[in-house]
Amino acid sequence: MPAGYRRGGRRQPKLEARGTLESVETEGPFKEWLGMPDLYRHTLTVDGEIYSYQVEEAELDVAIGDYVVFRYKETKAGRWIDRRSLGVAIDPATFNRE
């Protein structure tokens, strides 16, 4: 077997998106199974695209109108944002202005 050859499929790289948060709809709390904390399912619209985000918090750290960035994966059920990847995008040109 040649050196550097890897068996199996390659993992798909994480997809990343940026855009203006247009709307947020929250459902829940849902109890998935015993012992697991309640989960809230947020449906976010970012630049006309719909994404789902499932976390323990009922309120998000981002607000409508914020320029957000996040990692996500595409599934048969839609686009799901990775946990702890949703945040406000910082423009380096305006970061340390005084």
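This is a predicted model, so every value here is computed, not measured.

A.B. asks: Would you mind going over the packing of aromatic side chains with me for this structure?
C.D. replies: Two descriptors summarise a pair of aromatic rings, namely the distance from one centre to the other and the angle between the planes of the rings. Per the stated rule, a full pass over the model turns up three aromatic pairs. Here the aromatic rings of Tyr 51 and Phe 70 are separated by 4.8 Å at their centres, their planes lie at 75 degrees, and the arrangement is edge-to-face. Of this pair, Tyr 51 sits in strand β3 (residues 49-55) while Phe 70 sits in strand β4 (residues 67-75), and the two are 19 residues apart along the sequence. We note that Tyr 51, like Phe 70, is buried. An angle of 70 degrees between the planes, with centres 5.2 Å apart, marks the rings of Tyr 51 and Tyr 72 as edge-to-face. Of this pair, Tyr 51 sits in strand β3 while Tyr 72 sits in strand β4; the two residues are 21 residues apart in sequence, bridging distant segments of the chain. Tyr 72 matches Tyr 51 in its accessibility class, with the two residues each being buried. Stacked on the ring of Phe 30, the Lys or Arg Arg 41 has its end atom at 4.5 Å from the ring centre.

A.B. asks: Looking at this structure, I do not really get the pairing of β3. What am I missing?
C.D. replies: In the case of a regular strand, side chains alternate between the two sheet surfaces. The element β3 is extensively covered by neighbouring structure, given that five of its seven residues are classed as buried. Between strand β2 (residues 39-46) and β3, which pair antiparallel one after the other, the connecting turn spans two residues, and Asp 47 there sits at a positive phi close to 50 degrees.

So, how was this worked out
- Residues numbered from 1 in each chain as written.
- Predicted model: local features only at pLDDT ≥ 70, side-chain atom pairs only at ≥ 80, totals over all residues.
- Heavy atoms only, no water.
- Phe/Tyr/Trp six-rings, centres within 6.5 Å; stacked < 30°, edge-to-face > 60°.
- Helix = DSSP H or I, 4+ residues; strand = E, 2+ residues; numbered from the N terminus.
- Buried < 20%, exposed > 50% of the residue type's maximum accessible area, 1.4 Å probe, protein only.
- Lys NZ or Arg CZ within 6 Å of the ring centre and 35° of its normal.
- Pairing = 2+ DSSP bridges.

The analysis is restricted to geometry; functional conclusions fall outside its scope.
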